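What follows is each chain in one-letter form.
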Amino acid sequence: MFSLTVRRHFMIAHSLPREAFGPAQGLHGATFVAEVAFRRRALNNDAIVLDIGAAGTIIEEVLAGLNYRNLDEHPDFQGKLSTTEALAEYVAQQVGTRIKDTDDGRELAGIDVTLRENPDAWATYSLDLTA
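Residues numbered from 1 in each chain as written. Predicted model: local features only at pLDDT ≥ 70, side-chain atom pairs only at ≥ 80, totals over all residues. Heavy atoms only, no water.

### Section: the packing of helix H1 (residues 52-64) against helix H2 (residues 84-99)
Selection criterion: Under this scheme, a helix contributes an axis fitted over its contacting stretch, all axes are lines through C-alpha atoms, and angles between N-to-C directions fall in the 0 to 180 degree range. Here a strand is any run of E in DSSP of at least two residues, a helix any run of H or I of at least four, and the numbering for each starts at the N terminus. Small angles under 35 degrees read as roughly parallel and large ones over 145 as roughly antiparallel, with 65 to 115 read as roughly perpendicular and the rest as oblique. Crossing handedness is defined as follows: a turn of the near helix away from the far one that is anticlockwise and smaller than a right angle gives a left-handed crossing, while the clockwise case is right-handed. Note on contacts: a residue pair is in contact if any heavy atoms of the two residues lie within 4.5 Å. Three categories are distinguished: nonpolar for Ala, Val, Leu, Ile, Met, Phe, Trp, Tyr, Cys and Pro, charged for Asp, Glu, Lys and Arg, and polar for the others, with Gly belonging to the last.
The contact between H1 and H2 brings their axes to 10 Å, and the two run at 130 degrees. Accordingly, the angle class assigned to the pair H1 and H2 is oblique. With respect to the hand of their crossing, H1 and H2 are arranged in right-handed fashion. Contacts between H1 and H2 involve Ile58, Glu61, Val62 and Leu63 from the first element and Val91, Gln94, Val95, Arg98 and Ile99 from the second. The residue inventory of the contact of H1 with H2, partitioned by class, reads 6 nonpolar, 1 polar and 2 charged.

### Topic: the packing of aromatic side chains
Applicable threshold: Two aromatic rings, drawn from Phe, Tyr or Trp (for Trp, its six-membered ring), form a pair once their centres lie within 6.5 Å of each other, and the interplanar angle then sorts them: stacked below 30 degrees, edge-to-face above 60, tilted otherwise. Whether a residue is buried, partly exposed or exposed follows from its accessible area with a 1.4 Å probe, protein chains only, as a fraction of its type maximum: under 20%, in between, or over 50%, in that order. Counting as a charge over the ring demands two things of the Lys NZ or Arg CZ atom: a distance within 6 Å of the ring centre and an angle within 35 degrees of the ring normal.
Overall, the coordinates contain 2 aromatic pairs when judged by the stated rule. Between the aromatic rings of Phe10 and Phe32, the centroid separation amounts to 5.4 Å while the plane-to-plane angle is 25 degrees, which identifies the pairing as stacked. Highlighted residues: Phe10 in strand S1 (residues 2-14) and Phe32 in strand S2 (residues 28-40), separated in sequence by 22 residues. For Phe10, a relative accessible area of 0% corresponds to the buried category. Where Phe77 meets Tyr90, the ring centres are 4.9 Å apart and the plane angle is 50 degrees; that geometry is what we call tilted. Taken as a pair, Phe77 in the loop between strand S3 (69-70) and H2 and Tyr90 in helix H2 lie far apart in primary sequence, 13 residues in all. Accessibility expressed as a relative area gives 5% for Phe77, which makes it buried. A cation over an aromatic ring shows up here: Arg116 above the ring of Trp122, its NZ or CZ 4.4 Å from the ring centre.

### Considerations on the environment of Ala34
Position of Ala34 among the secondary structure elements: in strand S2. In the structure, Ala34 is positioned 31 residues away from Ser3 in sequence and 15 Å away in space, judged by C-alpha atoms. If we skip the residues at most four places from it in the chain, Ala34 touches Val6, Arg7, Arg8, His9, Phe10, Leu63, Thr114 and Leu115.

### Brief notes about the side chain of Thr114
As a reminder of what qualifies: As used in this structure description, the phrase polar contact means that two N or O atoms lie within 3.5 Å; if the pair is within protein, one of them must be able to donate a hydrogen and the other to accept it, and residues adjacent in sequence are counted only when both atoms belong to side chains.
Looking at the secondary structure, you find Thr114 in strand S4 (residues 110-118). On the accessibility criterion, Thr114 (10% relative accessible area) is buried. Of note is the side chain of Thr114, whose polar atom sits 2.7 Å from the side chain of Thr124. Excluding anything up to four places from it in sequence, Thr114 contacts Val33, Ala34, Glu35, Trp122, Ala123 and Thr124.

From the geometry alone we can't say anything about function, so treat these as descriptive.
As structure tokens, this is what we get:
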């Protein structure tokens, strides 16, 4: 299995209004590094997983809808907790939707989205594109 990983960062504001989140219950900001790994069983005819520029453009399009936004007011997160794990799933789903109709996207086996909240904590969501 081959993979190509492309990174970008984005900043959000949100609150996590449950006792389990302690001080993060209140409105606060977070800066995430998003690492999106595209997995493929075999390289394409150009001996690559995916064009790095095309992958970066898709990631930037997805993150543009989150960057500098208060997720408490974002329509896709109404009534949902915007935890790091939930954000990783959201980014994976959005990237998957955009890439599945591209030539190389149809050959991808999956996408792994890792969101690094700080150097010591991160969450990953893996999306299977073969199902």
